[in-house]
Each structure stands twice: as structure tokens, then as C-alpha cells.
Amino acid sequence: MLTKFETKSNRVKGLSFHSKRPWILASLHSGVIQLWDYRMGTLIDRFDEHEGPVRGVHFHKSQPLFVSGGDDYKIKVWNYKLHRCLFTLLGHLDYIRTVQFHHENPWIVSASDDQTIRIWNWQSRTCISVLTGHNHYVMCASFHPKEDLVVSASLDQTVRVWDIGALKKKTGSPPGDDMLRLSQMNTDLFGGIDAVVKYVLEGHDRGVNWAAFHPTLPLIVSGADDRQVKLWRMNDTKAWEVDTLRGHMNNVSCVMFHAKQDIIVSNSEDKSIRVWDVTRRTGVQTFRREHDRFWILAAHPEMNLLAAGHDSGMIVFKLERERPAFSVSGDSLFYVKDRFLRYYEFSSQKDAQVAPIRRPGSTSLNQSPRTLSYSPTENAILICSDAEGGSYELYTIPKDSISRGDNVPDAKRGVGGSAVFVARNRFAVLDRSSNQVLVKNLKNEVVKKSALPIAADAIFYAGTGNLLCRAEDRVVIFDLQQRLVLGDLQTPFVKYVVWSGDMENIALLGKHAIIIASKKLVHQCTLHETIRVKSGAWDDNGVFIYTTLNHIKYCLPNGDSGIIRTLDVPIYITKVSGNTIFCLDRDGKNRAIVIDATEYIFKLSLLKKRYDHVMSIIRSSQLCGQAMIAYLQQKGFPEVALHFVKDERTRFNLALESGNIQIAVASATAIDEKDHWYRLGVEALRQGNAGIVEYAYQKTKNFERLSFLYLITGNTDKLSKMLKIAEVKNDVMGQFHNALYLGDVRERIKILENVGHLPLAYITASVHGLHDIAERLAAELGENVPSLPKGKVPTLMMPPTPVMCGGDWPLLRVMKGIFEGGLDSIGRDAAVEEDEAPADGDWGEELDVVDVDGLQNGDVSAILEDGEAAEENDEEGGWDLEDLELPPEADTPKASANARSSVFVAPTPGMPVNQIWTQKSSLAAEHAAAGNFDTAMRLLNRQLGIKNFAPLKSMFLDLHNGSHSYLRAFSSAPVISLAVERGWNESASPNVRGPPALVFNFSQLEEKLKAGYKATTSGKLTEALRHFLNILHTIPLIVVESRREVDEVKELIIIVKEYVLGLQMELKRREIKDNPVRQQELAAYFTHCNLQLPHLRLALLNAMTVCYKAKNLATAANFARRLLETNPTIENQARTARQVLQAAERNMTDASQLNYDFRNPFVICGATYVPIYRGQKDVSCPYCSSRFVPSQDGQICAVCDLAVVGADASGLLCSPSQIR
């Protein structure tokens, strides 16, 4: 028994699995219903509205509902999405034992101690039938999974089967009100007649606790207080007892058939779960608990899971492992399925049966193969299983029988915990009792013995002559030759071992952990998963791809991991090749899953510093999202992350982190919040970019910092303006500081005097020798003149005169990083950024001072934007400078600032139209029209596998010229090129660019097709071939609007391809003069091209004539017959055909043998013109789908002369509707 999940709780009386989600409901004796996620092992929800024990619970198959019944006589229907009870059904008069939804109809069946079974309609919320007949408690009742039957078990020692077919008919049309009342009275008095007892099964000596139907066969199983499990069979007329299964030591509480195997599972108050074989009617296995009686069993409707409820909780378990044993070697996989060894080839996806594997002798479960080891040189296979306490079988398969599945010589057997090949013809077997390894040869004889360094319970292959030995808490690599330990690693318990292709790395898979180590077991990283790890394989880049129960994930060499995709059912990865994962599912079927590897390849390239790869991934794919940005930031690549981000706040943070001041300014301007400006100032100061620091301080109105900045950069002009600003703002301290920085003594005295600090003003004046002012102040002070200190010589405090104003710090010239240069056009348009942030110019040599706005809140707006004047903000109470009677200088900066605004500012260039076209479109024709020929060629290569662009050159040039017009203004000015748009009209918005006008359209092709048909009819084959080839060469550059037209274009390719191939063969036939056999063959093949009827008749006539002349009468007769079958309208053709038939009937022979068999369907190779019969291998052209013999793989297609035969291509993209 494989326990998957266990809970500890009050006694569990009812269980129900959800059919799709990994959920199970448990109803408890305490009245609570618990909803568990058994995969994660978490309690999701609890519902407690019942009073007293809840004995029955059941999930609805498709609605978000479940039903419960309890000892409070109530049936409640709940919605688990809304987390509440929707309604309560009342009617039973005693405890309710079980409840169950019907699989199709809106019914619930309930069994109760009031000796009745009721069927309810949960949509109308009424009882529609009462089944009476039992004369003791009814312990359970359930619907048949397919038929209109109900089975019930009661303590009256019987099992009853009820037919509810009449109920189905009755629910068809609703009766009138009176009828309803009458039938309701009937039901209450006599139990209604909608359900009748079909059989009463008597045979148990005590009360019956449970009865259940078999999911498909006409069988019933029941369990009772007489400790017996009985098996019953039924047919249309009667039911009878088949057998009794004895073994339980106490009341049998629940019993059921297993849906996937021929077994019965029962549990009992004797604290055991027993598994019985239905066919042999014997016990197979018993699982016991120490102290807990079992009460209930439930089976998962879809998966191989069971659950059992007992006195102190419940367990979710599996009876057998579902992992198929497999081994991968190069391009092949050997695996076991349904007692057969099978072989699978990855490249051709061919699957074959190799040999039958014997059934184990014992009947117990879990005897299926556990591991498989393969020796490719000897073609030998070891299969280990747990039978007989661990045993192995050795099969040697003759080389040629793999594909045939012939008889394989008998297996050699032996006993041992695990067995693996360690060399070409040697395998090691673990003998646990003596803790040694026996090395044996292919005759199963012991060659040598070797004691192990640790008490191992399993061994795995670890390279030739080496073993990986596993103990509970560690693994070691042991060299069998030298008997040395090569590596040792502490690990959690390891279940599986996966070596990388080059045997350099190893992944050790535990239940919830993955440890990656080197070949010498040097630890590299450990990953922990909450959900069980199932399998894994290495991809070609050294990334480990693994699966859990519900995800495919990756693990990079440095331990970073992520999800690739989710899974509906668990799978076991066998091999990862490119972006395809090959795997086995639980039914042993091979599957190939295609994944998107971009994310982990991107992270791997970053890790390995392969920035060119990173660049190309960023350019070509849609990698973005918060997770990716966080990852790049965390790994120290903010400048890369910057190119993914649109959100301004994130861009700002990343720009600061990578020191990209330009982008930071642009983002700060867009956000325009004080905090962001402050942080921008700090970073700009760190980089010595005084202009931006100044700008940031101005934006935040941080005048103190601004003054200090001007002081240290020696900008006295602006300092004097700061002084004026402080004066306007009435900021005395600011005024004083600025005067101090400027060394303006008179200003300082004036400030001190104005605020009433006369003693300080007097001292300042007298110390600086301004005696006239000092005397005036002394007169004002009178008695209170302060005394100056004696014996001190005053020194002058003056800022040094700036010899040179400090601009921005000089920066080192560095090469633009690969990311910055290459990606400018991606995250946003670079042109815009340059414009928003001209951070290189010093921002404001003429100070953008000052307009006083709304002095109530003391705000001053400095005039910013690139030294242009700010508009005046006329808030109420805007003060005029004249009112303040300031000195006249205050007006000057304002005037000068305004004078500048008349300077013409050139508009910024927008994005060229052809760039818009290429950005918006992934149609090759539109790229060619925009003049972007290389991307057009790349698109055609990716979509259609085209490699030979010579025939398309003139069309590319036509498209480009046709979508542009040229204007000449003056002779001296350059010619202006204008883009011509498709579908333009006068009402179109001027700023929205339409797609380019294209010179080729679909209707032209239809004209060319008609011309081609006409030329074919009149026998001008070279001209016809030219028309058809021209169509084939134009189609890749066609754009149509609707999906219907796309289908017409694809249809046209097929039509034209057939004509091109046919005409090429006919023209070649006409060149051949000296080889009559080849002439006949080519004429014959021409009749197998898919042509219009008139042309087919001409081809048949032609072939008939050629063969008749060459005395191949039987072949000629075949063509004549085919010609007559087309009912030719030209009498001349019909007459000739009839004559040929008459001549041939006299002598049905062929003079020469042709490579032509009209009975066997074939296609014609487009290069060698030989038939490829059905079943033979071939390769095709990704564009025109012509078929070729395999030797042509990689050559240019001879039919369309464009694409590479056998190339990978995504398909024709010729309409915007395909992209939406």
C-alpha cells in the first residue's frame, strides 16, 4: 500500500473524491466537514452547520456542489465556491446514513434509519420518491453508474435492488397542481410507485452495512456484521449469491469494487483493509492499523486512488505503483507495459513489442517491474521487481528480433535487491543480507564479490565499473575494480538517479527534493518542492528538466528553477530533445510534449555570460513579466531588465540601479513625485552630473541644497538669485545663508537689522570696518552697544572666488554595452528618451528663476524645462513684485527669461513610417514594402523555409517602389519620400498609420492562372510553365484580408504546384529522344498530376499515343480506359481511345517494362521524377508541399525553386487575420 496523504482528526464517517481537482471531502463524527487538498496536504475549508455526526457526503460530478447528510435528519446541499450551504432538504425522520448525487439526472439518493430511502430532485428541491420495504435501519443506498437501479443495504440482513426506470419517465413532463398534491399524498401514505423492488438478496446472517454495484459488470458486493463479504450476480430476472469472502475478524463496514483492476477492497471494524481477487475469490493483501477501526472507503472516479476513514482520521492511498519501468539508451527507450517489454525509437516515434515478461507466481500486489537496466552492446535487459523480496530477470534479445517481437530465449532469474549493468557484459546484484555486490556475467554466473562501504539498500549505475550506492541519508560512488569510494554526499532519501548525457553531472531525485552534483558527487545545488517529484531528464544545454505531480519545471546549474508548464496527469520524462519532452504516462503510453524553452535558455545564457544569445532572445521573443524583471534585478542585470519594462516606477528604479541617468530623468518627469526627484538628485550627485542635480533640487523646491550646490560649483550668479528667492519667500535664515555664501557683508547687516538683531548687525558692521553703518546702529542702540572682545584680531570670512565654475564631472568614454546599444529601440523608442532627457547639456546656465506663485503656501516655481520660461501660475492672491518694492534687479531675470522663449524650437522627428510598418507587422510582403529586405527574407525563411531569394529579388524591389511616392520641392532640396498606405480614405485619422500599399494582389493571380490554363490547352507549355511559376513566386508576397481568402491562397499553391510538376515532366519528355522507356514513364506520370479535366484528357491522350507507338499495348489500354471514363466531349478523342482498346484486346502485352504501377497509389518526386509509392519514406517542400525522395533532403525544391526540401517552417502567413 502506497500512502499518499494522511490526516489526524475526529472519526471519519464519510469520504468523497472530487472528479477533477486533487480534493477530498471528509465528514466527521464531530459534525464538521473538511475539504482537503491531498496533493499539497493542506486543509482548504471546513463546513460546520450540521448538529451531530455527518455520516454521508458526496461531490457532484460537474457542478461546484456537494451534499451531506447527518444525524440531525437534514440533507444539506453546499456550494464550495461560495463556501456556504445553499439549501436543506427535510423529510427523513431519523439519522441519515449515506447521500449520493446521480451521475446524470438532478437527483440525490439518501438512506436513513427511518427504514426508507428517498430520492430528491436538487433543482426543484423536492422529494420525488420514497422507497419503502426495509424493516430496519437502511445503512447505505447508491445509484448504479449506468443503469436505472439503486442498491441498498439494511440491518434487516437484506440487500435490495430497486428499479427506478419509471421515475425517469415521470420526471419528463411536470404534472398539474392537483395531480402533484394527489401524488404527494400517495407518496406519503404508500411510498409511491415510482420505484419497485427488483431483487431482495438474502444470505447474510447479520445486518448488512454496505452494498455496491460493479462499475461495468452485473455484480454486487456486500459486507455485513457477520464478518463476511458476499459477491452477488444479477441478470434481467433474478439475482443470486456467487461466493463468500471470509477473513475479516469483525463487522465489515464498507466494501467496493476497484474500477481499474479485478479486485474488491473492503474495510472493517477489525482495524484492517483487505484486498480480494475477484476471479480467484481469495485474499490478496491486508493492511492493518494499531488502534483505529475503519468505517468508510472511497475510490477516485478517474485516478487510481483510494481513501479510507478510521477512528482518528483518514488515509489516501494507492494499491500499486503506476510508474512504468524504463531505460533510455541513445535514441531508443525500453520500457515495460502490460507484462510486455516494449521498444520505442525517439526519432521515428516507432513503438514495438519485444518480449513477454512472465507473471509473478504470488498473487500479492506490487509485483510489477520496478527498474530496468539495458546493455546496448550485448542487447541484454535486466528487469528488477519486488517479487520474492526482490528479484531480477535477465533477457538477452537477438539483434534482429527487436522489430519483429519474436520469441525471446527464456529469462535467467536470480534474487537480489537491485541489479544493474556495470559493464558491457557484467552486471551487479545487491545482496542486502551480507551487504555485498555480486558481479555476474551474462550466463548469470558470479564472477566476483565485493563488500560495500555503506549499508546500501539499492544500487544504481555510475559509469563503467562504478556503482552509486544508496543508504537512508547518503549516497556514495564506489569503484568495483579498485574498491575505492570515489565520492560521498549526504542527501535526503534518494528514489531515482538521472545522469546527464556526458556523465559529468548527476541529479538525485528524492520525494520532495532534487540534488544536483558532479560526477564525483560534489554538491552543486538542492531544490525543494512541496509537491512530490516524479521524474527528470537533462536537456542538451545542461539544464535539468523535471516533473512534479502537476508541473514540468527546470533547474539551472546554479539552482534557479521555474515552471515550464502545468500538467493534468503525472508523466515520467524519458528524454528531452530540443524543445520536445518525450515521456511515458501512467498507462505506459509514449507521448511527446512540445514546450517553450525560451525562459530557461534566456536565464542560462545570462548565467554563462553569453550575451549575444540573450540579445537575440530579447529581440525575438515576448519574455517579460514581473518575475523576469525581478530575476534580472536580483542577478545584477538591471540594464537588461530596463528593456522589458513599461511601468514608469519600475523603470525609474532600474535606471537608478544601472546608473542610466537619461532614462531616470524621463521616468521621474513622467511620475513627477517629490521622492523620485530627491532620489534622482542623490544618484546624479554621485555621478557628478551637476545639471541634473540642480534640476532635481529645483523640482523639489529644495532651496537649501540648491544654494549649497551653487556654492560648491562656484556659481555666484545663481547664488545671488537664490538670495532674491529667499527674500521673496520671506525666508530669513535662507537669506542669511546665501549672503554668507556670497560673502556679501552689507546684505548680512541689512538682514540682521531688518529682523531686529541690532547688536549682531552692529558687531558685523564694526568688525568688517563699515564704520558709517556701525555708527548709525550704535546711535540706535544707545546704551546697549555690545562690547567687542579685547585682544582679538578679526579675520575676514569670505568664500574663495571661483576661478572656474564646476560643470559636470568628466566621464570616461566606454563602449556602449551590448544591451544598451542593441536594445534602445525595444523597451521604448529611443528618440523620445533623448528628447525628454538632454542630460548632457548643463541644464540652466541662465537660471530659471522665478515667479512667485501663491505665497500663502510659500511655493515658488522655478522655471525649468530646458531653460524655457514657465508660464505664470495665476492663483488667487498672485502677488506682484512691484507691490513689495523690491530693488529693480528682481525684474531683470524675468525679462531675460521671457526673451528667450521666442526662440524657435524645432519639432522632434517622429518615427519613420516604414519603421512603424515593420514594427506592426509580421507579414513578409509588408517588410519588403518598407524596404526592410533582410527581415522580410528572415520571415520567409522562418515561415516557408525559403532559401533561394533570387527569383524574388525583382518583386521585393517592385513592392518597395510601389509603396513609396517621391516629391521634389526645390532643386536644391533633397527629394522627399512619402509612404503610400493601403486602404487610405479622407476620414482616416492623420496620426494613425495604415499598412503599406502593395502592388501584388490575389485577383492578379487568378488572371495569371486563367492565362496559364489557356496556354496549357493550346499546347504552349513553356509559356504556361512561366505563368504558373510566376504565381508560385508571387504568393509569398501576397496579403489578403479574410480567413476565407487565406484558404483560397493555400488551395492555389496546391493547384499550381501540380501544374508546374506536370509541365516540367512533359517538357523533359519532349527533350528526350533516345530513351523510349523513359518517355513513356514521364507521359504516364503526367496523367497522375491533379489537372483540370480538359488538360487531364490531353495528358491521357498523349500517354496513350506514346505507349501505343512503343508497342506497350496493355499500358496504352489502361490510359484509353481512363480517358473514356472522363466522357470526352471531343468525338475525335473518344474514337481514338476506342480503337486503341480494340487493338489492345487482341494482344494484351507490353513490349518494354516500365517503372509504373497504376494499381499502387503513388506521388511523384519533384526532382528525379520517379514514383514514391505509399508506405515509402519521403520528404516534402515546406512551401509548395511537393514530395521528394529522401536523398533530396536539404536541396532547393525543384518545383517552386525557393524553399529547402525538408526544412522546418511555421507555415504561410499572408493575412493580418491569422495573427489576431
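Please read all numbers here as calculations on a predicted model, not as lab measurements.

Peer 1: Looking at this structure, how should I read the pairing of strand β11 (residues 107–112)?
Peer 2: In terms of burial, β11 is largely enclosed, as 6 of its 6 residues are buried. Residue alternation in β11 divides its side chains into two sets, Trp107, Val109 and Ala111 and Ile108, Ser110 and Ser112, and both sets are buried. Alignment of strand β10 (residues 96–101) against β11, held across 5 bridges, turns out to be antiparallel. Across the sheet, Thr98 pairs through a bridge with Ala111, a residue of β11.

Peer 1: What is the right way to read the sheet that holds strand β28 (residues 313–318) from this model?
Peer 2: Strands belonging to one sheet form pairs held by backbone hydrogen bonds; the direction of such a pair is parallel or antiparallel. With respect to topology, 4 strands assemble into an open sheet ordered β1-β28-β27-β26, the strand pairing being antiparallel. With one partner strand each, in any of the chains shown, β1 (2–8) and β26 (294–299) form the two edges of the open sheet. The mean angle between the axes of side-by-side strands here comes to 15°, regardless of whether they run parallel or antiparallel.

Peer 1: Hey, could you run me through the UniProt feature "coiled-coil region" (unreviewed entry) in the protein chain in this one?
Peer 2: In the numbering used here, UniProt assigns the "coiled-coil region" (unreviewed entry) feature to residues 1127–1154. The straight-line gap between the two end C-alpha atoms of residues 1127–1154 is 27 Å; of that span, 57% is helix and 0% is strand.

Peer 1: What exactly am I supposed to notice about the packing of aromatic side chains here?
Peer 2: By the definition in use, this model includes 30 aromatic pairs. A centroid spacing of 5.3 Å and a plane angle of 50° characterise the contact between Tyr1013 and Tyr1059, whose relative ring orientation is tilted. On the criterion of sequence distance, the pair formed by Tyr1013 in helix α25 (residues 1002–1017) and Tyr1059 in helix α27 (residues 1043–1071) is long-range, its members being 46 residues apart. Classification of Tyr1059 by relative accessible area gives buried; the value is 1%. By the ring-pair criterion, three or more aromatic residues cluster together here, those being Trp23, Phe47, Phe59, Phe66, Trp78 and Tyr80. Stacked on the ring of Trp295, the Lys or Arg Lys13 has its end atom at 3.9 Å from the ring centre.

Peer 1: Explain unusual backbone geometry to me, please; I cannot follow it from the model alone.
Peer 2: Among all residues except glycine, the phi angle is most often negative; among peptide bonds, the trans geometry is most common. Backbone geometry at Asn435 places phi at a positive 50°, although glycine is not the residue there. The phi torsion at Ser1185 lies on the positive side, around 60°, for a residue other than glycine. As for its position among the elements, Ser1185 is in the loop between β62 (1179–1180) and β63 (1187–1188).

Peer 1: It is not clear to me how a nonpolar patch on the surface should be interpreted in this structure. Could you clarify?
Peer 2: On the surface, a cluster of nonpolar side chains totalling about 250 Å² of accessible area is made up of Leu967, Ile976 and Leu978. In this fold, Ile976 is placed in strand β59 (residues 976–979).

Peer 1: Got a minute to help me understand helix α17 (residues 771–781) in this structure?
Peer 2: An α-helical segment advances 3.6 residues per turn. Residues three or four places apart therefore align on the same side. Every buried residue belonging to α17 is among Ile773, Ala774, Leu777 and Leu781, and all of these are buried. End-on view of α17: buried residues confined to an arc of 100°, all on one side of the axis. Pointing more than 90 degrees away from the buried face of α17 are the exposed residues Asp772, Glu775 and Ala779. Buried-residue contacts for α17 involve α15 (745–754) and α16 (758–767). A positive backbone phi angle near 65° is found at Gly782, which sits one or two residues after α17.

Peer 1: What exactly am I supposed to notice about the sheet that holds strand β33 (residues 369–375) here?
Peer 2: On the basis of which strands lie adjacent, the open sheet formed by 4 strands has the order β33-β34-β35-β36 and antiparallel pairing. The open sheet has two edge strands with one neighbour each: β33 and β36 (412–415). Put simply, the sheet's adjacent strands are angled 20° from each other on average, direction ignored.

Peer 1: Please explain the packing of helix α10 (residues 674–687) against helix α11 (residues 690–699) as it appears in this structure.
Peer 2: Angle between the axes and distance between the axes: these two values describe a pair of packed helices. Two elements in contact, α10 and α11, have axes separated by 8 Å at closest approach and are oriented at 160°. If you check the angle between α10 and α11, you find them roughly antiparallel. Here α10 and α11 pass one another in a crossing that is left-handed. On α11, the residues touching Trp677, Leu680, Gly681, Ala684 and Leu685 of α10 are Ile692, Val693, Tyr695, Ala696, Tyr697 and Lys699.

So, how was this worked out
- Residues numbered from 1 in each chain as written.
- Predicted model: local features only at pLDDT ≥ 70, side-chain atom pairs only at ≥ 80, totals over all residues.
- Heavy atoms only, no water.
- Buried < 20%, exposed > 50% of the residue type's maximum accessible area, 1.4 Å probe, protein only.
- Helix = DSSP H or I, 4+ residues; strand = E, 2+ residues; numbered from the N terminus.
- Pairing = 2+ DSSP bridges.
- Axes fitted to C-alpha atoms, helices over the stretch in contact; angles between N-to-C directions.
- UniProt positions renumbered as here; feature names shortened; annotations may be inferred.
- Phe/Tyr/Trp six-rings, centres within 6.5 Å; stacked < 30°, edge-to-face > 60°.
- Lys NZ or Arg CZ within 6 Å of the ring centre and 35° of its normal.
- Patch = residues over 30% accessible without salt bridge, like charges linked within 9 Å, V, L, I, M, F, W, Y side chains within 5 Å.
- Areas by Shrake-Rupley, 256 points an atom, 1.4 Å probe, with all protein chains shown as cover.
- Salt bridge = Lys/Arg side-chain N within 4 Å of Asp/Glu carboxyl O.
- Arc of directions from axis to C-beta.
- Contact = heavy atoms within 4.5 Å.
- Parallel < 35°, antiparallel > 145°, perpendicular 65-115°, else oblique.
- Left-handed = near helix turned anticlockwise from the far one by under 90°.

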